[in-house]
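Spelled out from the first residue to the last, the chains are:
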Amino acid sequence: MSLFKNDTIVALASAPLAAGVGVIRVSGSKALNHVQKLFSKEIIKHRYMYYGTLKGSNGMVLDEVMVVYFKGPNSFTGEDVVEINCHGGLAVIDSILCELKSLENCRHAEPGEFTRRAFMNDKLDLTAAEGIADLVAAETEEQRRQALSHVQGELAVKFESWRERIMHLLAHTEAAIDFPDEELDVLQAAGIQEKIKLLVNDLQEAIETNAGERLRDGFKVAILGKPNAGKSSLTNLLTGKETAIVSEIAGTTRDVIDSHLNIKGYPVILSDTAGIRDTDDVIEKEGVGRAKKKADEADFSILVIDPADFSQEDLQLINLLKSDRGCIVFSRADKFNQLVEFNIFNNTVELSIDNQMVKYKNKEFKYLHLNLTQNNSLSSILELLANMIGKLFGKAQTGARISRERHRQSILDTCKHLNRGHGLFEEVNSFSLSELLAQDLRDAAHSIGQVTGKTDTEDVLDLVFSSFCIGK
Ligand SMILES: Nc1nc2c(ncn2[C@@H]2O[C@H](COP(=O)(O)OP(=O)(O)OP(=O)(O)O)[C@@H](O)[C@H]2O)c(=O)[nH]1
Ligand SMILES: [Mg+2]
């Protein structure tokens, strides 16, 4: 993105809808001058709200507005900023934007340009900038919390502490360069090799779970089972509407149907799938293939079983479930209220009624037995899902979580450089050990620094800010 830093930029900061109030943001050295030209009152004090009218160049009143001036560097972007609270009609907003853009060196902001200027002026780091984008997009309570913690710098603190550890190692290593005859002793005395190993362990632990990314993008839950088991009935129960067609004809659902849910603050992408069975029908076969793929990609799977129709195929499906990442819902509790009476498990599966656990081949899964056609089954399945998802998130490391592929990639790159440095110690007669190690550590510091923007490169900035919308 080519940016003219001296331009004053302007854009609607609120949503482009007909609304009670719209907020137009102006940032740059001419922000105050420009708004003052149109505004009826003299703006004297900073952080003070003025009520007045805005007039166009032809003298026509555009709107009655409230104006606040934030003097740089005490503003969002770090530059002079003026915010205009106008009526939120699209024509009102257009007319004000047009007038402002007709003034000298004033243009429409690029997507993310306000936040990018804030970054350039050291008002925030890249993780906080991403946090702002996530906060704007947050739809559930847990997403809001995570995004806010990033805006408040928790993730930056974490990445900075890793970078500082690398810089510390680098300082020792560079000191050893001056003692070529004793460099190994100097490095060993400082415990550099062990410290590298510890750091790599910490970094790997941070990317072990993808809880932060899941929280941002949605937790994937797949509903699986044989045809007619009751998968679509369960989907409709969870979504609270007729999301999928339910019928007594086996093979009703042919494709994957995704719905977005908010389960106790966690964003969930629920996938109803085609009943899994051997079939010659080409379309159904494709659906079965997609169902299996969904199950494989899912963070959590719910296997629906009709206890009256229990068969070898159900055992194969139980086999597909991953420990801690799956549960079983037996349907038709209204027709079969005692699972054990039917000896459906053929002694291959243990059923613990007290704990509501199904045990099969050393794996255990929580189960429920429900009437999926009844709304009052909803609370128990919601509770079970919320518990399971909560547990998976709880397993994640404490503190701020990494939330993007970009963060994960930089940790992987950092580990690669650190591991290479660590390996140098194993090379007998390693030539210029400290010089080579110093280079690996510099590379590692560069990789980890990219996350907060400490070692900014233009393409990283473009990548981060291109996902923003205009006005942010
Ligand atoms: N009485 C009763 N009927 C149920 C229950 N669950 C599902 N059904 C009925 O079973 C039939 C099949 O249900 P669906 O939800 O369409 O089953 P499915 O697993 O989506 O089936 P496919 O899409 O064909 O794979 C429908 O007639 C449902 O009304 C239940 O708990 N009790
Ligand atoms: Mg179905």
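Sequence order as written defines the numbering, with residues in each chain counted from 1. Here the convention is simple: chains get letters from A, ligands get numbers from 1, in the order in which they are written. Selection of residues for local features in this predicted model requires a pLDDT of at least 70, selection of side-chain atom pairs for listing and counting requires 80 or more, and totals for whole chains, interfaces and linings are taken over all residues. Only hydrogens and water are set aside when side-chain values are computed; all heavy atoms of the structure are taken into account.

(A) Representation of the overall build of the protein chain within the structure. Secondary structure assignment for the protein chain yields 16 helices and 14 strands. Here the C-alpha radius of gyration of the protein chain, 29 Å, is well above what a compact globule of 472 residues would show, namely 23 Å. Seen along its three principal axes, the alpha-carbon backbone of the protein chain occupies a region of about 85 × 80 × 40 Å. Within the protein chain, buried positions represent 51% of all 472 residues. Sequence-distant contacts in the protein chain: of pairs separated by 6 or more residues, those separated by 24 or more amount to 66%. Secondary structure elements are defined from DSSP: runs of H or I of at least 4 residues count as helices, runs of E of at least 2 residues count as strands, and each element is numbered from the N terminus. Taken over C-alpha atoms, the radius of gyration is set against a globule rule of 2.2 Å times the number of residues to the power 0.38. Whether a residue is buried, partly exposed or exposed follows from its accessible area with a 1.4 Å probe, protein chains only, as a fraction of its type maximum: under 20%, in between, or over 50%, in that order. We call two residues in contact when some of their heavy atoms are within 4.5 Å.

(B) Quick peek at the side chain of Asp7. Here Asp7 lies in the segment before β1 (8–12). Judged by its relative accessible area of 12%, Asp7 is buried. Under this definition, polar contacts are N or O atom pairs within 3.5 Å; protein pairs additionally need one hydrogen-donor-capable and one acceptor-capable atom, and for neighbouring residues in sequence, both atoms have to be side-chain atoms. At 2.6 Å, the side chain of Asp7 forms a polar contact with the side chain of Arg107. Ignoring sequence-local partners within four residues, the contact set of Asp7 consists of Ser27, Gly28, Asn105, Arg107 and Arg117.

(C) Quick look at a nonpolar patch on the surface. Exposure above 30% relative accessible area and the absence of a salt bridge qualify a residue for a patch, where like charges join within 9 Å and nonpolar side chains (Val, Leu, Ile, Met, Phe, Trp, Tyr) within 5 Å. For accessible areas, the Shrake-Rupley method is used with a probe of radius 1.4 Å. Any residue's cover is judged against the shown protein chains and nothing else. When a carboxyl oxygen of Asp or Glu lies within 4 Å of a side-chain nitrogen of Lys or Arg, that pair is called a salt bridge. A cluster of nonpolar residues, Met49, Tyr51 and Met66, forms a patch on the protein surface that exposes about 290 Å² of accessible area. Locating Met66 in the fold gives a position in strand β4 (residues 61–70).

(D) Summary view of the layout of surface pockets. A cavity here means a set of points on a 1 Å grid, drawn over the protein atoms and nothing else, where a 1.4 Å probe fits but cannot get out; a pocket is an open set with protein on both sides within 12 Å along at least five of seven lines, and a residue lines either one if it has an atom within 4 Å of a point. Grid points are joined across faces, edges and corners, and a volume is the space filled by probe spheres set on the points. Counted as a void, the largest pocket has a volume near 380 Å³. Along the walls of the largest pocket sit 23 residues, with Asn228, Gly230, Ser233, Val246 and Arg332 positioned nearest its centre. A class-by-class count of the residues in the lining of the largest pocket yields six nonpolar, 12 polar and five charged. In this count, Pro and Cys sit with the nonpolar residues alongside Ala, Val, Leu, Ile, Met, Phe, Trp and Tyr, while Asp, Glu, Lys and Arg are called charged and the others, Gly among them, polar.

(E) View of the site of ligand 1. A molecule or strand has a residue near it when one of that residue's heavy atoms lies within 4 Å. Looking at ligand 1, there are 25 residues lining it, with Lys231, Ser233, Thr252, Arg332 and Leu372 nearest. At 3.3 Å from an oxygen atom of ligand 1 is found a main-chain nitrogen or oxygen belonging to Ser247. Asp334 has a polar side-chain atom sitting 2.7 Å from a nitrogen atom of ligand 1. In isolation ligand 1 has 650 Å² of accessible area, and contact with the protein removes 90% of it. Just a note on the criterion: a molecule sits in a pocket or cavity if more than half of its atoms are within 2 Å of the grid points. Judged by the fraction of its atoms near the pocket grid, ligand 1 is located in the largest pocket.

(F) Quick peek at the side chain of Ser27. On the secondary structure map, Ser27 appears in strand β2 (residues 19–27). Exposure remark for Ser27: the relative accessible area of 0% places this residue in the buried category. One polar contact links Ser27 to Thr77, side chain to side chain, over a distance of 2.9 Å. Apart from residues no more than four positions distant in its own chain, Ser27 is found in contact with Asp7, Thr8, Ile9, Thr77, Glu79, Asp80, Val81, Phe114 and Arg117.

(G) Focus on the domain arrangement of the protein chain. What the domain assignment reports for the protein chain is domain 1 (8–117), domain 2 (132–208 + 402–465) and domain 3 (213–394). For every domain, the bounds stem from an assignment made automatically or drawn from a database. Put simply, the middle of domain 1 and the middle of domain 3, counted by C-alpha atoms, are 53 Å apart.

(H) Here's a closer look at the pattern of salt bridges. What the rule picks out here adds up to 27 salt bridges. Its salt-bridge partner being Glu141, residue Arg144 comes within 2.8 Å of it at the nearest N-O pair. Taken together, the residues Arg144 and Glu141, both in helix α5 (residues 141–151) and three residues apart, mark about one turn of the helix. Since its relative accessible area comes to 35%, Glu141 is described here as partly exposed. Three or more residues are tied together by salt bridges with common partners; here these are Glu130, Asp134, Arg216, Asp217, Arg404 and Arg406.

(I) Structural view of the sheet that holds β4. Taken in spatial order, the six strands line up as β3-β4-β5-β2-β1-β6 in an open sheet, and their pairing is mixed. Strand pairing shows two members of the sheet lacking a second neighbour, β3 (49–55) and β6 (106–108), which therefore form its edges. Here the strands of the sheet are splayed against their neighbours by 30 degrees on average, with no regard to which way each runs. In this description, strands pair whenever DSSP reports at least two bridges between them. Across three bridges, β1 lies against β6 in parallel orientation. Considered in β6, the bridge of Thr8 is made with Cys106. Helix-sheet contacts for helix α2 (residues 90–101) involve β1, β2, β3, β4, β5 (81–88) and β6, and the interaxial angle to β5 is about 150 degrees. Axis lines are fitted through C-alpha atoms, for helices just across the contact stretch, and the angle between N-to-C directions can take any value from 0 to 180 degrees.

(J) Representation of the coordination of the magnesium ion (ligand 2) in the model. Surrounding the magnesium ion (ligand 2) are the protein donor atoms Ser232 (OG) and Thr253 (OG1), at 2.0 to 2.1 Å. Taken together, the residues Ser232 in helix α10 (residues 231–239) and Thr253 in the loop between α10 and β8 (257–263) connect sequence positions 21 residues apart. In this structure Ser232 comes out as buried when scored by relative accessible area, which is 8%. Donor atoms (N, O, S) are those found within 2.8 Å of the metal centre, with the cutoff raised to 3.2 Å for Na, K and Ca; water is not part of the atom list, so apparent gaps in a site can occur.

(K) Focus on the pairing of strand β10 (residues 300–305). Among the six residues in β10, six count as buried, and that is most of the element. Of the two faces of β10, both are covered, the one formed by Phe300, Ile302 and Val304 as well as the one formed by Ser301, Leu303 and Ile305. Where strand β7 (residues 219–225) meets β10, five bridges bridge the pair, whose relative direction is parallel. The residue of β10 that forms the bridge with Ala222 is Ser301. Judged from the five bridges that link them, β10 and strand β11 (residues 326–330) form a sheet pairing that is parallel.

(L) Up close: the packing of helix α6 (residues 154–177) against helix α14 (residues 405–424). Where α6 contacts α14, the axes come no closer than 13 Å and their chain directions differ by 10 degrees. Taken together, α6 and α14 sit at an angle that is classed as roughly parallel. Of the residues in α14, those in contact with Leu155, Phe159, Trp162 and Ile166 of α6 are His407, Ser410, Ile411 and Thr414. Throughout this description, any angle smaller than 35 degrees is read as roughly parallel, any larger than 145 degrees as roughly antiparallel, any in the 65 to 115 degree range as roughly perpendicular, and the remainder as oblique.

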